[in-house]
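# An overview of the molecular structure
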Amino acid sequence: AQARSVRRQQQQHNDEIVRGSTTAHPTIKDRYVFSHGGRRVYEWEQTLDDVTVCIDAPVEQLPSQRAASFIVVDIEPTRLRVGLRGADRYFIDEVTFDKVKVQESSWYLDDGRVITIVLAKAFRGQTWEGVLRGHQRRGDTSSGDGG
């Protein structure tokens with residue numbers, strides 16, 4: 001019964017994240033913002049070759065020296081996980097919008113404040129409607145096939 005309750009809570013958490021919304025950035029052209037519960041979770045933009053994700057680092061939980069070594073970013077062909085070393089769970093653990101070239105993808109901590117993740121698209125030229133499944137742009141009229 002307890003395991004069922006934990007699974008139900010995790011599913012509710014996942015459902016809540018999916019209910020977030022992706023909107024156009026208010027000042028930067030071709031950049032989008034994914035928000036949940038009125039808070040920005042990440043920003044993202046794309047080129048023909050890749051998708052760049054910018055996440056505010058939890059600076060209050062990071063040491064002032066070598067902060068990047070305390071961040072965990074796991075990029076898999078169809079999943080992105082971001083968290084803190086030693087934490088019991090990731091703060092992002094989701095399926096990517098489409099397939100990623102892991103060997104050509106990377107991440108870095110910018111100015112000690114922003115986790116920047118570059119996901120190389122497996123299918124060059126494809127337009128992603130979101131970074132993660134369920135986080136697609138709302139009210140987008142494009143067909144999702146690059147047009």
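Our subject is the structure that appears above.
No experiment lies behind these values; they were computed from the predicted model shown.

### Notes on the overall build of the chain
A count of helical and extended segments in the chain gives one helix and nine strands. Overall, the chain shows an N-to-C arrangement of helices and strands of α-β-β-β-β-β-β-β-β-β. With 147 residues in all, the chain has 36% of them scored as buried. Sequence-distant contacts in the chain: of pairs separated by 6 or more residues, those separated by 24 or more amount to 47%. For the chain, the accessible area works out to roughly 9,100 Å², and carbon and sulfur atoms hold 47% of it.

### Side note on the nonpolar core
Within the largest apolar cluster, 26 residues are counted, with the highest numbers of intra-cluster contacts made by Tyr42, Ile115, Ile117 and Leu119. Excluding its chain neighbours within four sequence positions, the residues that come into contact with Ile115 are Val53, Cys54, Ile55, Ala57, Ile71, Val73, Val82, Phe91, Trp107, Tyr108 and Leu109.

### Topic: the sheet that holds strand 2 (residues 31-36)
Two modes of strand pairing occur in sheets, parallel and antiparallel, and in both the strands are linked by backbone hydrogen bonds. The antiparallel open sheet is built from six strands, whose spatial order is 1-2-3-4-9-8. The open sheet has two edge strands, strand 1 (21-24) and strand 8 (100-110), and neither has a second partner. Across the sheet, the axes of successive neighbouring strands diverge by a mean angle of 20°, strand direction being ignored. As judged from the seven bridges shared by strand 8 and strand 9 (residues 114-121), these two strands associate in the antiparallel manner. Each residue of the ladder has a partner; that of Asp110, found in strand 9, is Val114.

### Looking at the packing of aromatic side chains
Evaluation of the coordinates by the stated rule reveals three aromatic pairs. Between Phe34 and Tyr42, the aromatic rings sit 5.3 Å apart at their centres with planes inclined by 20°, giving stacked as the arrangement. Of the two residues, Phe34 and Tyr42, neither departs from the other in class, the shared state being buried.

Rules used throughout
Residues numbered from 1 in each chain as written. Predicted model: local features only at pLDDT ≥ 70, side-chain atom pairs only at ≥ 80, totals over all residues. Heavy atoms only, no water. Helix = DSSP H or I, 4+ residues; strand = E, 2+ residues; numbered from the N terminus. Buried < 20%, exposed > 50% of the residue type's maximum accessible area, 1.4 Å probe, protein only. Contact = heavy atoms within 4.5 Å. Areas by Shrake-Rupley, 256 points an atom, 1.4 Å probe, with all protein chains shown as cover. Core = buried A, V, L, I, M, F, W, Y, C linked by side-chain atoms within 4.5 Å. Pairing = 2+ DSSP bridges. Axes fitted to C-alpha atoms, helices over the stretch in contact; angles between N-to-C directions. Phe/Tyr/Trp six-rings, centres within 6.5 Å; stacked < 30°, edge-to-face > 60°.

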